[in-house]
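The primary structure of each chain is shown beneath.
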Amino acid sequence: MTRKTRGEGMKRCLECGTKHSRTRQFCTDTCRKTWNNRRMTRGAVIHDLAMRARAHKTRAHTTLLNQQLDAYLAQDTREGRDYTLGRVDTQEGR
Ligand SMILES: [Zn+2]
């Protein structure tokens, strides 16, 4: 039997950054729910801004969408979340 090196086989929780040994992306159900609730709320806002930008096809509407995305990224950076590590689902109904 080999002894594991500290941190070996550990994953970092996408929500809180805590290292954990679970095979999932989150350390707890609370973190998973928090992540997914924020994702759903933000998704609704981004959907509306994106649809409006596409319908109007003006720079002003596209700018609003980009500003909102930048605000979310800034918030995530302040709070230590890295969305580049998360899975991306591009198909509806999954
Ligand atoms: Zn966590």
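Up top is the structure these notes are about.
It should be emphasised that the depicted structure is a prediction, and the values quoted were computed from it without experimental measurement. (Residues numbered from 1 in each chain as written. Predicted model: local features only at pLDDT ≥ 70, side-chain atom pairs only at ≥ 80, totals over all residues. Heavy atoms only, no water.)

Quick look at the overall build of the protein chain now. Helix and strand content of the protein chain: 2 helices and 2 strands. Counting all 94 residues of the protein chain, 21% fall into the buried class. A sequence separation of at least 24 residues applies to 29% of the contacts in the protein chain between residues at least 6 apart. Carbon and sulfur atoms provide 51% of the accessible area of the protein chain, an area that totals close to 7800 Å². (Helix = DSSP H or I, 4+ residues; strand = E, 2+ residues; numbered from the N terminus. Buried < 20%, exposed > 50% of the residue type's maximum accessible area, 1.4 Å probe, protein only. Contact = heavy atoms within 4.5 Å. Areas by Shrake-Rupley, 256 points an atom, 1.4 Å probe, with all protein chains shown as cover.)

For the rest of this paragraph, the subject is unusual backbone geometry. One non-glycine residue, Lys57, adopts positive backbone phi at about 50°. Residue position: Lys57 is located in the loop between helix 1 (29-56) and helix 2 (59-78). According to the relative accessible area criterion, Lys57 is exposed, its value standing at 61%.

With that settled, the discussion passes to the coordination of the zinc ion. Each protein donor to the zinc ion is listed here as Cys13 (SG), Cys16 (SG), Cys27 (SG) and Cys31 (SG); together their distances run 2.3 Å. For the zinc ion, the 4 donor atoms are set out with angles of 105 to 115° between them, so the coordination reads as tetrahedral. Since its relative accessible area comes to 40%, Cys16 is described here as partly exposed. Overall, Cys27 belongs to the buried group, its relative accessible area being 16%. (Donors = N, O, S within 2.8 Å, 3.2 Å for Na, K, Ca; no water. Tetrahedral: all angles 85-135°; square planar, octahedral: opposite > 155°, others 65-115°.)

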